[in-house]
Each structure stands twice: as C-alpha cells, then as structure tokens.
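Architecture at a glance
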Amino acid sequence: AQSVTQPDARVTVSEGASLQLRCKYSYSGTPYLFWYVQYQRQGLQLLLKYYSGDPVVQGVNGFEAEFSKSDSSFHLRKASVHWSDSAVYFCAASMNTGGADRLTFGKGTQLIIQP
Amino acid sequence: GGIITQTPKFLIGQEGQKLTLKCQQNFNHDTMYWYRQDSGKGLRLIYYSITENDLQKGDLSEGYDASREKKSSFSLTVTSAQKNEMAVFLCASSIAGSQNTLYFGAGTRLSVL
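This section reports on the structure supplied with the text. (Residues numbered from 1 in each chain as written. Chains lettered and ligands numbered in written order. Predicted model: local features only at pLDDT ≥ 70, side-chain atom pairs only at ≥ 80, totals over all residues. Heavy atoms only, no water.)

A look at the overall build of chain A
How we decide: Every helix listed is a DSSP run of H or I at least four residues long, and every strand listed is a run of E at least two residues long, numbered separately from the N terminus. Each radius of gyration is computed over the set of C-alpha atoms, and the globule rule expresses the reference value as 2.2 Å times the number of residues to the power 0.38. Under the scheme applied here, a residue whose accessible area is under 20% of the maximum for its type counts as buried, over 50% as exposed, and between as partly exposed, the area being computed with a 1.4 Å probe on protein chains only. Should any heavy atoms of two residues lie within 4.5 Å, those residues are counted as being in contact. To be clear on the numbers: accessible area is Shrake-Rupley with a 1.4 Å probe, and residue cover counts the displayed protein chains and nothing else. In this tally Asp and Glu are treated as negative and Lys and Arg as positive; neither His nor the chain ends contributes. Positions of charges follow a simple convention, taking NZ of Lys, CZ of Arg, CG of Asp or CD of Glu.
Counting its secondary structure elements, chain A contains zero helices and 12 strands. The secondary structure elements of chain A, listed N-terminal to C-terminal, are β-β-β-β-β-β-β-β-β-β-β-β. Taking 2.2 N^0.38 as the reference for a compact globule, 115 residues should give roughly 13 Å; the C-alpha atoms of chain A span a radius of gyration of 14 Å, in line with that estimate. Expressed as lengths along the three principal axes of its C-alpha atoms, the size of chain A is roughly 45 × 30 × 20 Å. For chain A, the residues scored as buried account for 44% of the 115 residues in total. Long-range contacts, defined here as pairs at least 24 residues apart, represent 55% of the contacts in chain A between residues at least 6 apart. Just so you have it, chain A exposes about 5,600 Å², and 47% of that area is on carbon and sulfur atoms. Here chain A contributes 10 positive and 8 negative side-chain charges, whose respective centroids are spaced 8 Å apart.

With respect to the interface of chain A and chain B
Our working rule: Buried area: the accessible surface (1.4 Å probe) lost by two parts on joining, summed over both. Salt bridges are defined as contacts in which a side-chain nitrogen from Lys or Arg sits within 4 Å of a carboxyl oxygen from Asp or Glu. Any pair of nitrogen or oxygen atoms within 3.5 Å is treated as a polar contact; in protein, a donor-acceptor pairing is required on top of that, and neighbouring residues in sequence qualify only through side-chain atoms on both sides.
Residue-level contacts link 22 residues of chain A with 23 residues of chain B. A combined buried area of about 1,800 Å² lies between chain A and chain B, and 48% of that area is made up of carbon and sulfur atoms. In this structure, the connection of chain A to chain B is made through zero salt bridges. Put simply, chain A and chain B have three residue pairs in polar contact (both at pLDDT 80 or more) between them. Listing elements by their share of the side of chain A that touches chain B, those giving two or more residues are β5 (32-38), β6 (44-50), β10 (87-94) and β11 (103-105) of chain A.

Observations regarding the side chain of Lys78(A)
All names here are of chain A. Relative to the helices and strands, Lys-78 is located in strand β9 (residues 73-78). In this structure the side chain of Lys-78 is engaged in a polar contact, spanning 2.9 Å, whose partner is the backbone oxygen of Asn-61. In terms of polar contacts, Lys-78 uses its side chain to reach the side chain of Asp-85, at 2.8 Å. Residues within four places of Lys-78 in sequence aside, it is in contact with Ser-18, Leu-19, Asn-61, Gly-62, Phe-63 and Asp-85.

Considering the state of the cysteines
Selection rule: In what follows, a disulfide is any cysteine sulfur pair within 2.5 Å.
By the definition in use, this model includes two disulfides over all chains. One disulfide in the model links Cys23(A) with Cys91(A); its S-S distance is 2.0 Å. The S-S bond linking Cys23(A) to Cys91(A) shows a torsion near -65 degrees; that makes this disulfide left-handed. With Cys23(A) in the loop between β3 (19-21) and β4 (24-26) and Cys91(A) in strand β10, the pair connects residues that are 68 residues apart, well separated along the chain. Across the disulfide, Cys23(B) is cross-linked to Cys91(B) (sulfur-sulfur distance 1.9 Å). Taking the sign of the S-S torsion, about -75 degrees here, the bridge from Cys23(B) to Cys91(B) comes out left-handed. Pair noted here: Cys23(B) is in strand β3 (residues 19-25) and Cys91(B) is in strand β9 (residues 86-94), with a separation of 68 residues, a long-range link. Of the residues examined, Cys23(B) reaches a relative accessible area of 2% and is grouped as buried.

A closer look at the pattern of salt bridges
Counted under the stated rule, the structure contains nine salt bridges over all chains. Note that Arg77(A) is salt-bridged to Glu66(A), the shortest N-O span being 2.7 Å. Taken together, the residues span a long stretch of sequence, with Arg77(A) in strand β9 and Glu66(A) in strand β8 (residues 64-68) at a distance of 11 residues. In this structure, the salt-bridge partner of Lys78(A) is Asp85(A), at a minimum N-O distance of 2.8 Å. Through salt bridges with shared partners, a single network forms among Arg36(B), Asp38(B), Arg44(B) and Glu85(B).

Some points on the packing of aromatic side chains
All names here are of chain A. Definition in use: Here a Phe, Tyr or Trp ring, Trp counted by its six-membered ring, pairs with any other such ring whose centre lies within 6.5 Å, and the pair is stacked when the planes are under 30 degrees apart, edge-to-face when over 60, and tilted otherwise.
The tally for this structure, following the rule as stated, stands at 18 aromatic pairs over all chains. For the pair Tyr-25 and Phe-67, a centre-to-centre distance of 6.2 Å together with 15 degrees between the ring planes defines the contact as stacked. On the criterion of sequence distance, the pair formed by Tyr-25 in strand β4 and Phe-67 in strand β8 is long-range, its members being 42 residues apart. As far as the burial class goes, Tyr-25 and Phe-67 line up, both buried. Between the aromatic rings of Phe-90 and Phe-105, the centroid separation amounts to 6.4 Å while the plane-to-plane angle is 85 degrees, which identifies the pairing as edge-to-face. A residue pair is termed long-range when its members are at least 10 positions apart, and Phe-90 in strand β10 and Phe-105 in strand β11 qualify at 15 residues. Phe-105 shares its class with Phe-90; the two are buried.

Shown next as structure tokens:
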C-alpha cells in the first residue's frame, strides 16, 4: 500500500541552528512529493513540491528538500531556523493515476524552536 | 488570490446528532476535499469531489455524507456524532488532480459532548 512516513513526531531545534525533517515514502513508482506547513489554528500551506528534474527543490522562507529515489526519501532542510518556523510540517505524496489520484499525508512533525 | 472559508469555526454537538460543516472557495477550482485531522494521526481523506455534483469516497467516509451542489461549495455531514469525539475538519481545493497544490481552509473544530 502507498504510504508516507514521518518518523519524528516532534523535533526541537535552537534558533539559528540547521534543521532536517525526515520523510520516507512507499510507492511503486516516483510520486509527486510535497511539504506543507500548518501554523497554529490555521490550515495547511504549501512549502514546496517535487515532480521531476533537479532532486533539490527550493521552497518559501529558505526551506529546501531533497528527493532520493534510492532511499525513497524527501527530507526537508533549512540552514538557519527562526522562531516563526514553529509549526507542524506535513510530508505528502500523490500518484497521478489519471483521475482517481489522491494525496496521502504523513502524520506530521511538530517543530519546536528554542530561544 | 483566493480564499477558502469554512463555517462554523467551532462546532459543539451532542452524541447522535447530525452535524453539517460548510466550505466555500473562490479560486474557481474544480476539485474539493474534506480531510479529518486527529492529533498524532495526520490528515485522512473523508470525501472529495472532482466537479459539481460529483462525490468520491476517501479512506474515512463511513459515518459521513457530502454534497457538492455548486462548484464553489462543498458540505460535509457527520451523520451521527460520537460521544467525546474531538477533531479538526479541513476543507481544501485544487485545480483538477491532487498533483497540484491544495489550498486549505482554517478548519472547523468539532467537540461532541
């Protein structure tokens, strides 16, 4: 079955430090991959997405993610986090099967920024 | 730009009650979705609709009905609220196909007494 796994329910990082949030997917082909962010009491917003090409994709607010086919991963990174990055981050994947496609979300990783 | 409006923001119901959640979008998007968000469980798809009057079941459709009478609106009904149920229901829309970006509303927070 197709699935998305975010192994870390919570990650704590000091402000100014680097960040990596992990995401692994299980699909028979190469899915479309996404990272969404949810700030407190809000809906989800897209950070970045990957379809094909350069495995490193740039997103908003200094975020980037790297696709690895060999590792079935799509980890999110940021060089220097800010307190405003505190949020829940969701990795998601979709296989476009020509009509009945749907997005599968991981369980999310809560990012806590320490001063 | 556009916006997705979900009403109500908070919903308190009684066990066994039928409850309706509403969602409106002005993106002119074809596809709309209802997700349920439970703490520690991520988002699970309840229903989606690829066009007006279309309905497709998601992974969690049992106990729910949905209605897409207009392109801009998509409603969800909890057919019989479960005691002590607490969840956030998120509506989203996209251009046709989930390979495209989903735009989300802020959610309806449900509590059942």
